Structures are given as C-alpha cells and as structure tokens.
Amino acid sequence: MDRIRLVGGNELHGEIPISGAKNAALPLMIASLLTDEPLVLQNVPRLADVKQLERILENHGVDIAVHGRRRGEDEGVGQRMTFHAADIVDTTAPYELVSKMRASFWVIGPLLARCHEARVSLPGGCAIGTRPVDLFLFGLKALGAEIDIDGGYVLAKAPKGGLVGARITFPKVSVGATHTLLMAASLAKGTTILENAAQEPEITNVAECLVAMGAKITGIGTRTLTIEGVDRLHGATVDVIPDRIETGTFAMAAAMTGGNVLLKGAHAEHLKAALDILSQTGADVTSEEGGIRVYRNGNGIQPVDVDTDPFPGFPTDLQAQFMALMTMSTGTSRIRETIFENRYMHVAELARFGADISVDGQLATIRGKPQLRGAQVMATDLRASVSLVIAGLAARGETTVNRIYHLDRGFERLEEKLSRCGAEIERVSG
Ligand code: EPZ
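Everything quoted here is computed from the prediction, not taken from an experiment. (Residues numbered from 1 in each chain as written. Predicted model: local features only at pLDDT ≥ 70, side-chain atom pairs only at ≥ 80, totals over all residues. Heavy atoms only, no water.)

Asks: Teacher, can you tell me more about the site of the ligand here?
Replies: What surrounds the ligand is a group of 24 residues, the closest being D134, S174, D317, I339 and R383. The separation between an oxygen atom of the ligand and a polar side-chain atom of K172 is 3.4 Å. Taking R343, its side chain carries an N or O atom lying 3.4 Å from an oxygen atom of the ligand. Protein contact buries 92% of the 830 Å² of open area that the ligand shows by itself. Where the shell around the ligand is concerned, the elements lending two or more residues are α1 (22–31), α5 (134–142), α6 (175–186) and α12 (382–394). Looking at the shell around the ligand, the element that brings in the most residues is α5, giving three residues. Residues belonging to the shell around the ligand are distributed by class as follows: 12 nonpolar, four polar and eight charged. (Near = heavy atom within 4 Å. Polar contact = N/O pair within 3.5 Å; in protein donor to acceptor, adjacent residues only side chain to side chain. Areas by Shrake-Rupley, 256 points an atom, 1.4 Å probe, with all protein chains shown as cover. Helix = DSSP H or I, 4+ residues; strand = E, 2+ residues; numbered from the N terminus. Nonpolar A, V, L, I, M, F, W, Y, C, P; charged D, E, K, R; others polar.)

Asks: Which parts of the structure should I look at to understand the sheet that holds strand β11 (residues 191–195)?
Replies: Across a sheet, paired strands are connected by hydrogen bonds in the backbone, their directions being either parallel or antiparallel. Spatially, four strands are ordered β10-β11-β13-β12 in an open sheet, and the strand pairing comes out mixed. Two strands close off the open sheet at either side, each with one partner strand: β10 (167–169) and β12 (216–218). The average undirected angle you get between the axes of adjacent strands in this sheet is 15°. Here three bridges tie β10 to β11, and the two strands are oriented parallel to one another. Across the sheet, residue R167 finds its bridge partner in β11, namely I193. Across the sheet, α6 is in contact with β10, β11, β12 and β13 (225–228); its angle to β13 comes to roughly 25°. (Pairing = 2+ DSSP bridges. Axes fitted to C-alpha atoms, helices over the stretch in contact; angles between N-to-C directions. Contact = heavy atoms within 4.5 Å.)

Asks: Help me out: how do you make sense of the pairing of β13 in this one?
Replies: The two faces of β13 differ: L225 and I227 on one face are buried, but T226 and E228 on the other face are not. Bridge count for β12 against β13 is three bridges, and the pairing is antiparallel. Within the sheet, the bridge partner assigned to K216 lies in β13 and is E228. Connecting the antiparallel pair β12 and β13 is a turn made up of six residues, with G219 showing a positive phi of about 85°. (Buried < 20%, exposed > 50% of the residue type's maximum accessible area, 1.4 Å probe, protein only.)

Asks: Sorry, what's going on with the pairing of strand β16 (residues 284–288) here?
Replies: Side-chain positions along a regular strand alternate between the two faces of the sheet. The sheet contact formed by β16 and strand β17 (residues 291–296) spans five bridges and is antiparallel. Bridge pairing links V285 to V294 in β17.

Asks: Honestly, the packing of helix α8 (residues 244–257) against helix α10 (residues 319–326) in this entry has me stumped. Any pointers?
Replies: Pairs of packed helices are described in terms of their axes, by the angle between the two and the distance that separates them. Contact geometry for α8 and α10: axes closest at 9 Å, N-to-C directions at 5°. Between α8 and α10, the interaxial angle falls into the category roughly parallel. Along its contact with α8, which presents I245, T249, M252, A255 and M256, the element α10 presents Q321, F322, A324 and L325. (Parallel < 35°, antiparallel > 145°, perpendicular 65-115°, else oblique.)

Asks: Looking at this structure, how should I read the packing of aromatic side chains?
Replies: Think of a pair of aromatic rings as described by two things: how far the centres are apart, and how the planes are tilted against each other in angle. Here the structure, examined in full by the defined rule, presents two aromatic pairs. Relative to F136, the ring of F105 has its centre 5.3 Å away and its plane inclined at 85°; by these criteria the two rings are edge-to-face. Remark: F136 occurs in helix α5 and F105 occurs in the loop between α3 (95–98) and α4 (108–115); sequence separation between them is 31 residues. The burial state of F105 is the same as that of F136; both residues are buried. Note on F314 and F322: the rings are 5.6 Å apart at their centroids and 65° apart in plane angle, and the pair reads as edge-to-face. For F322, a relative accessible area of 0% corresponds to the buried category. (Phe/Tyr/Trp six-rings, centres within 6.5 Å; stacked < 30°, edge-to-face > 60°.)

That is the geometry; function is a separate question.
Encoded structure:
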C-alpha cells in the first residue's frame with residue numbers, strides 16, 4: 001500500500017495551480033444523465049472519485065470520452081471530458097458501486113426525472129457520521145415520487161406523466177439533497193421552490209450548468225431556488241470551478257510552515273470565511289488577479305475559535321486542516337463541528353505529532369505548542385488525511401502517512417504540487 005514520506009521544516013515558496021473542484025465535478029457529471037445530448041465538462045480533476053463515478057455512469061449507459069490537451073495548455077489544466085447519455089440502459093445503481101462513494105446516490109434525482117424510475121443502493125463514503133438520506137426522500141416524495149426501501153436499495157417511482165413541481169422547505173441544509181432536487185425539478189411538470197437550500201459555490205456551478213442545458217432556474221446563489229420544469233434538456237459545455245477546499249488546504253499549509261505561496265486560479269469569494277479566519281491567525285492573505293497569495297513572515301500563529309457552518313460559513317471540509325494549524329498556535333483555540341457528528345478522527349492521529357487536543361462532543365479544544373515532532377500516522381478520511389500531511393510539513397523530523405488512498409480520492413498531484421514549493425515529500429509504493 002502506498003505511503004507518503006515527508007520531512008518537515010521547510011517553508012513553502014512558489015505557485016500552486018488549483019485543480020477543478022471534486023465536489024462540483026461529481027454532480028456536474030451526474031447532470032449528464034438528464035439529457036440525451038452530450039455534456040462537455042472542462043477542468044475536471046484527475047481523481048479516484050471521478051474515476052469511480054465514471055464507472056457508475058457507464059453502468060447506466062453513459063458514453064464517456066476524455067479529450068487530449070489543447071495546444072499551449074499546460075499540464076496543470078484539468079481534463080476536458082464528454083458525457084453522453086443517449087440512452088439510459090439501466091436505472092439501477094448497484095451496491096458494489098454506490099457503497100464506495102456517497103455522492104453516487106445523487107443519480108437518483110436525474111434517473112427518476114428522466115426515466116420515471118430508479119433503484120439506487122443506500123450510499124457509503126467517508127466514515128464521518130451517520131449521513132442519512134431522509135432529506136432526499138422527503139424532497140422526492142414532495143415531487144410525487146413513490147419511495148420504498150427494500151434490501152438496502154431505495155426504489156423510487158414517479159407518478160404517471162412524471163414528477164410534479166412542489167414547494168419544498170428543507171428542515172436542514174444539505175448539499176447533496178439540494179443538488180438532487182435541483183436536477184429532478186428541472187424536468188418536473190410545473191414550478192418547484194426549494195427553501196433552505198444549500199448555497200455552496202458547487203451548487204451554483206451545477207445550477208448554471210442546468211441553465212446552460214435549458215433549465216429555468218432563478219435565485220441561484222441564494223437559499224431559495226425556483227425551478228420552472230421543462231420537457232427536455234440539451235447538451236452544453238461547462239467549466240468546473242476551482243476547488244475551494246484544495247485552495248484552503250494549501251493556504252493553511254503555507255500559514256503553518258511559513259513562506260509565500262500563490263494559489264493560482266483560486267477564487268477568494270468561494271472561501272471568504274476561511275480566508276478571514278486565516279488572516280486572524282496572522283497570515284497575510286491577499287487576492288490577486290491570478291489567484292490568492294498567502295504569506296507568513298514567521299510571526300507566532302494566533303489562536304482563533306471556529307464553528308463549521310454551511311456556506312458562506314467556515315466549511316467542515318477545512319476543519320481538520322485548520323485544527324492542524326491550531327496545534328502550533330501560541331494559545332488555546334476551540335473548534336465546534338456543527339455539520340457532522342463524528343468528524344474528529346484526525347484528533348488521535350494529530351496527537352502522535354505531540355499535539356494537545358481534547359474533544360467533548362462537538363467541541364474540540366486545541367492547546368497550541370511551539371513545535372510538533374514527525375510521526376507514523378494513518379489517514380482515516382479524505383480531509384483528515386491531508387491535515388496529517390500539513391502537520392508533517394511543519395513538524396520537526398520525518399513523518400510517514402499510511403493508507404493514503406483516501407488522499408487520492410480528492411487531491412490531484414498533491415506531492416508534486418508541494419515539492420515544487422520546496423517541501424520534502426514523496427510517495428513510497430508497496
Ligand atoms: C457534501 O456532502 C460534500 N460532498 C462533503 O464533502 C461536505 O462535507 C458536505 O457536503 C458538507 O459541506 C460532496 O459534495 C461530494 P450534506 P453531503 O448532505 O452532500 C445531514 C469531502 O470531503 N443529512 O450537506 O453528503 C448529514 O448527515 C466531502 O469532499 C441528513 O441528516 O453533505 C450532515 O450532518 C465529505 N439527511 C448534514 O446533513 C440527509 O438526507 C450535511 O450533509 C442528508 C444529509
């Protein structure tokens with residue numbers, strides 16, 4: 001099994017190209033199920049999760065092509081891919097495929113809208129909480145679907161004539177349920193209003209893609225989305241937005257090791273809350289034409305308290321990385337994880353570096369230390385894994401991160417991007 005070996009202590013200096021966002025690419029790929037015409041996506045990251053979703057879509061009958069790099073394009077540019085769902089040959093998303101990645105459950109929305117039926121295995125994914133699907137089922141039922149759960153599968157059937165628009169007020173904000181209902185409602189009869197919808201930049205990317213495909217959506221970027229159903233959608237060409245979580249991750253790495261890094265192509269408005277917090281820790285964060293620059297001149301890292309929240313709040317997907325940073329602050333900081341009930345698995349691993357962290361329910365208290373020491377650690381989930389890499393970059397001595405397949409799910413060319421900025425980091429096979 002591959003491991004990452006790194007020796008900490010080097011500052012990061014240089015430019016890091018930010019890849020396309022995993023959490024936008026996945027639902028955009030799923031949106032291809034809504035039309036019999038080709039959907040072209042540009043800037044798709046090369047990630048294990050993208051590959052996994054390709055397998056799922058192919059099982060439904062989607063033809064997928066990856067296009068070559070264009071003349072003059074550098075290797076940092078993401079893939080250009082075509083997804084063509086001319087015919088849906090199978091409306092079942094089987095356990096073997098769906099259990100590996102939670103987002104694959106979202107195919108239920110477009111399958112039900114286009115084919116009027118879907119049989120989708122209950123999902124798997126990172127072990128960060130129970131992650132139920134009640135909000136999806138609540139929304140799909142409101143559009144008239146009949147839902148049954150049998151043998152670990154959700155069986156969904158649309159009424160005769162297809163789904164029917166409705167007013168849906170989500171009792172809790174859910175990214176996945178918003179994506180799914182947005183797609184389903186685009187092909188429903190009449191008007192759907194989604195209230196208390198998620199407003200993450202990835203939702204906006206998908207909503208704008210649907211509009212480019214002929215959907216009628218207003219309120220994009222707000223908590224209330226109004227969708228006027230249409231009879232059919234057509235093909236389009238759409239860019240995947242830059243990955244704000246990758247951006248925040250490298251920003252925290254630079255803030256922790258010190259140095260001066262330009263995060264090329266990043267959009268500051270996609271992670272304002274995180275950048276504000278980072279500034280409060282003493283890092284110099286500036287938005288430039290080509291991206292975001294993070295600079296730290298070696299001053300002590302100030303402790304800052306953070307609550308995770310849905311967008312525009314501080315993202316749960318940066319919580320582990322921020323905790324790594326706080327382990328070397330000059331005082332005590334508190335993090336409250338409000339989105340997932342079990343997203344502190346990195347705490348025990350960070351302790352191996354000598355970090356002082358205690359957890360009481362949702363609240364973690366981190367007492368900063370002047371220095372961490374390199375250690376053997378184990379990756380547990382995607383974002384937790386990268387928090388261990390960040391800690392290792394700042395720790396004295398050698399660190400080995402085991403079980404890094406989690407990292408490959410969501411970070412493209414991580415070692416290469418970091419080593420080009422001066423980090424001593426390599427992948428060790430076997
Ligand atoms: C998306 O997951 C992201 N995944 C997650 O990123 C991210 O952590 C999460 O949103 C929150 O921002 C993708 O975009 C592919 P939710 P999702 O539904 O949609 C509860 C990563 O590391 N809930 O917004 O699954 C749920 O348990 C991943 O890239 C219900 O109770 O998250 C959680 O407590 C990890 N019932 C909260 O809502 C439901 O039916 C928010 O979850 C659905 C969700």
